[in-house]
Amino acid sequence: MAIDEIIDRLYGLPLAEFTAARNEAARELRKAGEREAAERVKALRKPTAAAGAVNRLVREQRGEVEQFLQAAVALRDAQFSGKGDLATATRQEHEALGRLLATGGEAVRQTLLAAAVDDDAARQLREARLERELEPRGFGTLLAHAPQAAVTPAGTTAPQPAPKSPEREAPKPDDRVARSRLGDAEAALTAAETEEREARRRWEVAQHDLERARAAVDTAQRDLDRLHGR
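Residues numbered from 1 in each chain as written. Predicted model: local features only at pLDDT ≥ 70, side-chain atom pairs only at ≥ 80, totals over all residues. Heavy atoms only, no water.

Participant: How would you explain the overall build of the protein if you had to name every residue and give the values?
Facilitator: Each helix and strand counted, the protein has ten helices and zero strands in total. Secondary structure elements of the protein occur, N-terminal to C-terminal, as α-α-α-α-α-α-α-α-α-α. Excluding contacts between residues fewer than 6 apart, the proportion of contacts in the protein whose partners are at least 24 apart in sequence is 61%. (Helix = DSSP H or I, 4+ residues; strand = E, 2+ residues; numbered from the N terminus. Contact = heavy atoms within 4.5 Å.)

Participant: Describe the pattern of salt bridges, and please don't skip the residues or the numbers.
Facilitator: Using the criterion set out here, one finds 13 salt bridges in the structure. A salt bridge links Glu-106 to Arg-109; the nearest nitrogen and oxygen atoms lie 2.7 Å apart. Glu-106 gets classed as partly exposed once you look at its relative accessible area, which sits at 48%. Among the ionic contacts, a cluster of salt bridges with common partners joins Asp-4, Asp-8, Arg-40, Arg-59 and Arg-129. (Salt bridge = Lys/Arg side-chain N within 4 Å of Asp/Glu carboxyl O. Buried < 20%, exposed > 50% of the residue type's maximum accessible area, 1.4 Å probe, protein only.)

Participant: Can you explain helix H3 (residues 35–42)? Please cite residues and give values.
Facilitator: Within the sequence span of H3, burial applies to Ala-37, Ala-38 and Val-41. For H3, the angular spread of the buried residues around the axis is 100°, confining them to a single face. For H3, the exposed residues lying more than 90 degrees away from the buried face are Arg-35 and Glu-36. The secondary structure elements touched by the buried residues of H3 are helix H1 (3–10) and helix H2 (15–31). (Arc of directions from axis to C-beta.)

Participant: Tell me about the packing of helix H7 (residues 109–117) against helix H8 (residues 119–127), residues and numbers included.
Facilitator: The relative placement of two packed helices comes down to the angle between their axes together with the axis-to-axis distance. It is the contact of H7 with H8, at a shortest axis distance of 5 Å, that shows an interaxial angle of 130°. The orientation of H7 relative to H8 falls into the category oblique. Crossing angle aside, the handedness with which H7 passes H8 is left-handed. Listed contacts from H8 to Thr-111, Leu-112, Ala-114, Ala-115 and Val-117 of H7 are Asp-119, Ala-121, Ala-122 and Leu-125. Split into classes, the residues belonging to the contact of H7 with H8 amount to seven nonpolar, one polar and one charged. (Axes fitted to C-alpha atoms, helices over the stretch in contact; angles between N-to-C directions. Parallel < 35°, antiparallel > 145°, perpendicular 65-115°, else oblique. Left-handed = near helix turned anticlockwise from the far one by under 90°. Nonpolar A, V, L, I, M, F, W, Y, C, P; charged D, E, K, R; others polar.)

Participant: Outline helix H5 (residues 62–80), listing residues and values.
Facilitator: With 19 residues, H5 extends 27 Å from end C-alpha to end C-alpha; this agrees with the ideal 27 Å at 1.5 Å per step. Buried residues of H5: Val-65, Phe-68, Leu-69, Ala-71, Ala-72, Leu-75, Arg-76, Ala-78, Gln-79 and Phe-80, and no others. With its phi angle positive at about 75°, Gly-82 sits one or two positions after the end of H5. (Expected span 1.5 Å × (residues − 1).)

Participant: How would you sum up the nonpolar core? Please name residues and give values.
Facilitator: With 25 residues, the main nonpolar core has Val-65, Phe-68, Leu-69, Val-108, Leu-112 and Leu-125 as its most contacted residues. Mapped by element, the contributors of at least two residues to this core are helix H4 (49–60), H5, helix H6 (86–104), H7 and H8. If we skip the residues at most four places from it in the chain, Leu-112 touches Leu-57, Phe-68, Leu-97, Leu-100, Leu-101 and Leu-125. (Core = buried A, V, L, I, M, F, W, Y, C linked by side-chain atoms within 4.5 Å.)

Participant: Before we move on, could you go through the environment of Arg-9 and cite the residues and values that matter?
Facilitator: Along the chain, Arg-9 turns up in helix H1. Under the relative-accessibility criterion, Arg-9 is labelled partly exposed at 37%. Residues Arg-9 and Arg-22, 13 residues apart in the sequence, show an inter-C-alpha distance of 9.7 Å.

Participant: Outline the packing of H6 against H7, listing residues and values.
Facilitator: Two elements in contact, H6 and H7, have axes whose closest approach is 11 Å; the angle formed by their N-to-C orientations is 150°. On the basis of their axis angle, the class for H6 and H7 is roughly antiparallel. The two elements H6 and H7 cross, and the hand of that crossing is right-handed. Of the residues in H7, those touching H6 at Glu-93, Leu-97, Leu-100 and Leu-101 are Arg-109, Leu-112, Leu-113 and Ala-116. Among the residues forming the contact of H6 with H7, the class breakdown is six nonpolar, no polar and two charged.

Participant: Requested: an account of the side chain of Asn-55, with residues and values cited.
Facilitator: Mapping Asn-55 onto the fold places it in helix H4. Of note is the side chain of Asn-55, whose polar atom sits 3.0 Å from the backbone oxygen of Leu-130. With sequence-adjacent residues up to four places away left out, Asn-55 is seen in contact with Tyr-11, Pro-47, Ala-128, Arg-129 and Leu-130. (Polar contact = N/O pair within 3.5 Å; in protein donor to acceptor, adjacent residues only side chain to side chain.)

Below is the structure:
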């Protein structure tokens, strides 16, 4: 089996099986004399829970993921190049994202939003071999869709010709989508912080219950010892 096929198979496994399967694959490659490939496989990291959720989503819902990425591209074109209707493109991307979140859960939101604005992140998403969730890398890809200023041979920006009429004026970038994504990211952060606080509270309750259980055991043991005259 080719090394890429091995890696692809490993990242398609349930997280609980990843480490053992990775180590076994590395051993088999080493036995076959493919030491370099064995080291490459051995160095693979087990995905985080969020990355694993994304990998499964891509493998199980690839068509839906592609629709979302295409909708994201259409939205960038509408926002920065004036191609298509901005409102329609915004709605279609929002609906595509909603369908994926309904299947994959909130854990996949950050990576999907990163892939929506960055072509390299979209490529990594499609590979479904993520070790950790992707993070938005700014607006490099978005800005690449914006109209580029002309540059003179001396390296300075040349003045742009004035528009012939107001009707033909180039569309201005619209930051509504970026603001919407920021709102989604902030909402996800708030939800995560709330969950962290709730988890901490549950842990404190569990610790309290544990101490009470230990005290009950100690009391019962002392009563038993007294009955036996110890």
